Amino acid sequence: MASRNNRILRILHRAVASGENLLDRIRRRISRNLGTNPPREIVAYQGYSDTESVHIRGRVLSNSPRGGPMDDDGWRENLVNTWRRWESDEVAGEPVTVIYQQHERTVMTDEEGYYDVRFPGVAIDRDRILWHNARARTGRAGREIEATHEIMIPPPKADFGVISDLDDTVIHTGIVSLLLAAKLTFLGNAKTRKPLDGVATLYQEFQRGRGVHAVNPIFYISSSPWNLHDLLVDFLRLNEIPPGPLLLRDLGLDREKFIKEQGHGLKQVKALSVMDSFPHLPFILIGDSGQDDPGIYAEIARLRPGRILAIYIRDVDPEMDSHRDIATHRAVERAAAAGVPMILARDSLRISEHAAQIGLIRDSALADIDVGVKADQARPETGDQAIQNTLDSILPKAPQH
């Protein structure tokens, strides 16, 4: 019975994907002939360099570029910006020329408007992380548009790399509260979202390791869609959280998969890809107990023996025992069998204490992280009060007598 149901789903999927592809081709042909869907924006994602290649990815859209969050943006402006993020009009089959140092390559965007470019890796003797720029351009003569990719160049003497989730690991999204998650997604912006307590200081210390300069690269891997890339970059910058390439999720339909990239399983694939790009570099993995990070990270520890120094899992509901804790404890046992400590931590200070014990960060960093935790705790919450403030701004006020 299950096999029959799977065949029916595959047939339906192929039909839906074929219908979408046909409609897309018709729409693109009409738009190209009428000139109604020209490229207006290049979304230049952050890239990185390993010893072999420079990895660059971007997307071409016919939407007008968005600005960053403004200090006086209210729920209306945030809702409009969210709608524009999700209602992105991709430009498929568009040639994009990318220039990096002395190299230049032209590639075509795929059906969803994405492009990927590889250049030879960078060999620079340096003692800290550097950021280079690559330029991308597209469009017809007289109507060309350009954008700049930021490229992270880790130093050859990095001690370890960091692979971190974002939602409820770095940024507070309230994934265990549907109403809060909806509010933060649709009515907030990078300035109204709050980081987890002490994240900025903790990640700064991870990037420094036991030294002074930022040497250890950080990669943010999330099942959040690429549509949120600009919001997440703004969030990291505004909260002084160390920057790093964001590897996100592509939404859409094709003939192979119902959703182009599966959600949480994508984390494992992309994390392994990053690790394989730096075969001589050990990593630490950071996630949360709200999704399947513990199980995914335990499996990575098994698949790449000797490559994981530690796994840190933020407890999204530290005040109670739940099915999430049970699943995490099972993952702890699987990670231990692979020789990797997995720590279920309620806050950044607990993570830092273990990291200092095993020599990942300086002992003296604990005091700074404690200060960072307390400073973030003093910031306005994004929980129930934020929801009430939003509802108060939307709902009509009762007449006063």
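Residues numbered from 1 in each chain as written. Predicted model: local features only at pLDDT ≥ 70, side-chain atom pairs only at ≥ 80, totals over all residues. Heavy atoms only, no water.

*Asks:* Got a sec to walk through helix H7 (residues 293–303)? Specific residues and values, please.
*Replies:* A turn of α-helix holds 3.6 residues, and therefore any two residues three or four places apart point the same way. By the criterion of burial, H7 is predominantly enclosed, with nine of the 11 residues buried. Among all positions of H7, only Asp-293, Pro-294, Gly-295, Ile-296, Tyr-297, Ala-298, Glu-299, Ile-300 and Ala-301 are buried. (Buried < 20%, exposed > 50% of the residue type's maximum accessible area, 1.4 Å probe, protein only. Helix = DSSP H or I, 4+ residues; strand = E, 2+ residues; numbered from the N terminus.)

*Asks:* Account for the sheet that holds strand S10 (residues 218–225), with residues named and values stated.
*Replies:* Pairing within the open sheet is parallel, and its six strands lie in the order S11-S10-S9-S12-S13-S14. What marks the edges here is a single partner per strand, and that holds for strand S11 (246–249) and strand S14 (342–345). Averaged over all neighbouring strand pairs, the angle between strand axes comes to 15°, with direction disregarded. In this structure, S10 lies alongside S11, joined through three bridges in parallel fashion. Paired with Pro-225 across the strands is Arg-249, a residue of S11. Along the sheet, helix H5 (residues 229–238) contacts S10 and S11; its crossing angle with S11, the most-contacted strand, is approximately 145°. (Pairing = 2+ DSSP bridges. Axes fitted to C-alpha atoms, helices over the stretch in contact; angles between N-to-C directions. Contact = heavy atoms within 4.5 Å.)

*Asks:* I'd like a description of the packing of helix H9 (residues 348–357) against helix H10 (residues 365–377), backed by residues and values.
*Replies:* Where H9 contacts H10, the axes come no closer than 9 Å and their chain directions differ by 170°. For the element pair H9 / H10, the angle class is roughly antiparallel. On H10, the residues that touch Ser-348, Leu-349, Ser-352, Glu-353 and Ala-356 of H9 are Leu-366, Ile-369, Asp-370 and Val-373. (Parallel < 35°, antiparallel > 145°, perpendicular 65-115°, else oblique.)

*Asks:* Before we move on, could you go through the pairing of strand S12 (residues 283–288) and cite the residues and values that matter?
*Replies:* The element S12 is extensively covered by neighbouring structure, given that six of its six residues are classed as buried. Residues of S12 alternate between two faces, with Phe-283, Leu-285 and Gly-287 on one and Ile-284, Ile-286 and Asp-288 on the opposite face, all of them buried. Two strands pair when backbone bridges link them, and strand S9 (residues 161–164) and S12 are joined in this way by four bridges, in the parallel orientation. Within the sheet, the bridge partner assigned to Val-162 lies in S12 and is Ile-284. Sheet topology note: the S12/strand S13 (residues 308–314) ladder contains six bridges and is parallel. Within S13, the position partnered with Ile-284 by the bridge is Ala-310. Between the parallel pair S12 and S13, the chain is carried across by H7, and the sense of this crossover is right-handed. (Right-handed = clockwise from strand over helix to strand, strands pointing away.)

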